[in-house]
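Remarks on the overall topology
Chain by chain, the residues run as shown.
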Amino acid sequence: MKRLWAANHVDSLRRVRFGAAFVMLTALLVPTFARTAAGAPGTPYSGPVTEEGNPGTTYPGFFPAKGEGSTNDRSKGVEMAEGDRATIELSEPLFYSQWIFTDVDQPGEAFTVRPTWTEPGEAAVFGGDEHFAFDGTTATEVHLDDANGVGSDHQLLEGRVQVDFLGAVTGIDAMRDYPGWGQSGFAVGGGCEAAGAAKLLAAGPTWNGRSFDVTFELRVQNHLPSSATLLDAIRSAQAQAASSALSGDPQGILLDDLQLQDQLADAAFEDITVISVTNPGGGLALNPNYDGLADDLLLQPGDTIPAESTELIVLELQYTPAADAGVWGECSVGYYYENQSLVSGSAANVVVSDLSDDGSNPSPGADNGSGGVDDATIVLFPCPPEPTPTPTPIPTATATPVPTATATPVPT
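A few points on the structure. (Residues numbered from 1 in each chain as written. Predicted model: local features only at pLDDT ≥ 70, side-chain atom pairs only at ≥ 80, totals over all residues. Heavy atoms only, no water.)

1. Side note on the sheet that holds strand β11 (residues 195-207)
Keep this limit in mind: When DSSP locates at least two bridges between a pair of strands, those strands are taken to pair. Strands are runs of DSSP state E lasting at least 2 residues, helices are runs of H or I lasting at least 4, and numbering of each runs from the N terminus.
A sheet is described by the order of its strands in space; here five strands give the open sequence β15-β17-β12-β11-β21, paired in mixed fashion. Only two strands of the sheet have a single neighbouring strand rather than two, namely β15 (269-278) and β21 (357-358). As judged from the ten bridges shared by β11 and strand β12 (residues 212-222), these two strands associate in the antiparallel manner. Pairing of Leu-201 across the sheet is with Phe-216, part of β12.

Take a look at the structure:
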């Protein structure tokens, strides 16, 4: 799906301020589309928006280059005429989505847009020029229409409106006004991942005479923007936009029901002992029974992380090699141990999770220099030193005493 907003305009709200890459959602869109002509029910349409549902016509699915279809058509979204209605359902909820409405350059080419929230959020609307009306816009119903009747080509910014849903939605219901005018359309982009995790080998492995000492640093992050960041980004975008509306001040989303799982077991070790588990920031409730084996949950139930925040857990361990494990009996280069932690939780009633990446940056999109974003943390355990043999004591020879002759006196 093509990005439909000027690169230096309001889409920077997500791309720059939130640090989340745009996601192309053609594979995520599972729409149902019903066209209502002159107020009467039309023939329902269902199918991916990347396919033209009714070949040879402009309804639904495309913005033709010219006329009734062309080899230059692009699968940008759904095009609608007066009275048309489109219900778009996403295959999974999307945080901080952007919906671009195009060809709204005449009065009557209006939309009423209702988001399907997972938890109530706020709506921000930005017009490509100053001649837009957003009267009556709320968080549950966005109204947009052209106000001056000066037409513009559908690809121009002046005929476009961007609607940002500040929270998580599973889709939208969009209705073109009837009676209306002309054709208008929309497409979708944007998005932000909610949770992130990273695991770093901070120290070790160091042989202590019987086992290896190892220290890991585990980081968990609520990657969603805070209230302050949201409002700052919106105000900045409003300053750039020719016209705008905001239903209310957006609020950051908590990462609830937080849990961090880290299973340590490996057959190469006869024992893995947890020496200490600490949370330097003090924002988490640690599980005192965590042993990484029978109980691999690091947090107590019901923990929470505020939006745009990160917590650190320091895990100090001892790994005792298993004497009967072949990797040690024929050890020449050591043993590669791979491990990951898993963060999970709920944000705006959406279940979220992320596998840790090898490094210190828990941002979901960070590769920490390893090339991937969910790389296991690898520890190379060296071969344990050969035990020093106990010396065998040399027996000390004891001399047998020689009896001393005693002279017997001769009687006189």
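Additional details are given in the paragraphs that follow.
2. Quick look at unusual backbone geometry
Residue Gly-204 is joined to Pro-205 through a cis peptide bond whose omega torsion reads 0°. Structurally, the position occupied by Pro-205 is in strand β11. Even without glycine at this site, Glu-308 takes up a positive phi of about 55°. Residue placement: Glu-308 occurs in the loop between β16 (303-305) and β17 (309-321). The phi angle at Asn-349 is positive, at roughly 70°, despite the residue not being glycine. You can see Asn-349 is positioned in the loop between β19 (341-347) and β20 (350-355).

3. Quick word on the state of the cysteines
In plain terms, the rule: When two cysteine sulfur atoms lie within 2.5 Å, the pair is treated as a disulfide. Only protein chains enter the calculation, and the probe is 1.4 Å; a residue is then buried if its accessible area is under 20% of its type maximum, exposed if over 50%, and partly exposed in between.
Counted by the stated rule, this structure contains one disulfide. Covalent S-S linkage joins Cys-331 and Cys-383, the inter-sulfur distance amounting to 1.8 Å. Residues Cys-331 and Cys-383 are joined by a disulfide whose S-S torsion is about -85°; by sign, that bridge is left-handed. In this pair, Cys-331 is assigned in the loop between α3 (326-329) and β18 (335-339) and Cys-383 in the segment after β22 (377-381), connecting sequence segments 52 residues apart. A residue is classified by how much of its surface remains accessible, and Cys-383, at 27% relative accessible area, is partly exposed.

4. Concerning the side chain of Asn-339
Note the threshold: Polar contact criterion, stated in full: a pair of N or O atoms within 3.5 Å, where within protein one must be able to donate a hydrogen and the other to accept it, and residues adjacent in sequence count only if both atoms are side-chain atoms. Note on definitions: a residue-residue contact is assigned when non-hydrogen atoms from the two residues lie within 4.5 Å.
The topology assignment puts Asn-339 in strand β18. Among the polar contacts made by the side chain of Asn-339, one reaches the side chain of Asp-262 at a distance of 3.5 Å. Sequence-distant contacts of Asn-339, that is, excluding residues within four places in its chain, are made with Lys-199, Asp-262, Gln-263, Leu-264, Ala-376 and Thr-377.

5. So, the packing of aromatic side chains
Worth spelling out the cut-off: Each Phe, Tyr or Trp ring, with Trp reduced to its six-membered ring, pairs with another whose centre is within 6.5 Å; inter-plane angles below 30 degrees give stacked pairs, above 60 give edge-to-face pairs, and intermediate values give tilted ones. By definition here, charges over rings are those cases where NZ of Lys or CZ of Arg is within 6 Å of the ring centre and within 35 degrees of the ring normal.
Under the counting rule described, the total for this entry stands at 15 aromatic pairs. Plain terms: the ring middles of Phe-269 and Trp-328 are 5.8 Å apart, the flat faces sit at 65° to each other, and that makes the pair edge-to-face. Of this pair, Phe-269 sits in strand β15 while Trp-328 is found in helix α3, placing the two residues 59 residues apart along the sequence. Owing to a relative accessible area of 7%, Phe-269 belongs among the buried residues under this scheme. Through successive ring pairs, a cluster of aromatic residues spans Trp-207, Phe-212, Phe-269, Tyr-319, Trp-328, Tyr-335, Tyr-337 and Phe-381. The ring of Phe-111 is capped by Arg-176, whose NZ or CZ atom sits 5.9 Å from the centre of that ring. Just above the ring of Phe-216 sits the side chain of Lys-199; from NZ or CZ to the centre is 4.2 Å.

6. Notes on the nonpolar core
The test is simple: By convention a nonpolar core is built from buried Ala, Val, Leu, Ile, Met, Phe, Trp, Tyr and Cys residues, the set being connected through side-chain atoms within 4.5 Å.
Among the nonpolar cores identified, the biggest contains 50 residues, and Phe-95, Phe-216, Phe-269, Tyr-319, Tyr-337 and Phe-381 are the most heavily contacted of them. Sort the elements by how many residues they give to this core and β12 lands first, with five residues. Judged by nonpolar contacts, the second largest core, of 23 residues, contains Phe-101, Val-104, Ala-174 and Val-188.

7. Considerations on the sheet that holds strand β14 (residues 255-262)
Selection rule: All axes are obtained by fitting lines to C-alpha atoms, using only the stretch in contact for helices, and the reported angles, taken between N-to-C directions, cover 0 to 180 degrees.
Strand order in the open sheet formed by four strands is β16-β14-β19-β20, and the pairing between neighbours is antiparallel. Unpaired on one side and paired on the other, β16 and β20 mark the two borders of the sheet. Going across the sheet, the axis of each strand differs from the next one's by a mean of 35°, ignoring polarity. Pairing analysis gives six bridges linking β19 to β20, with the strands arranged antiparallel.

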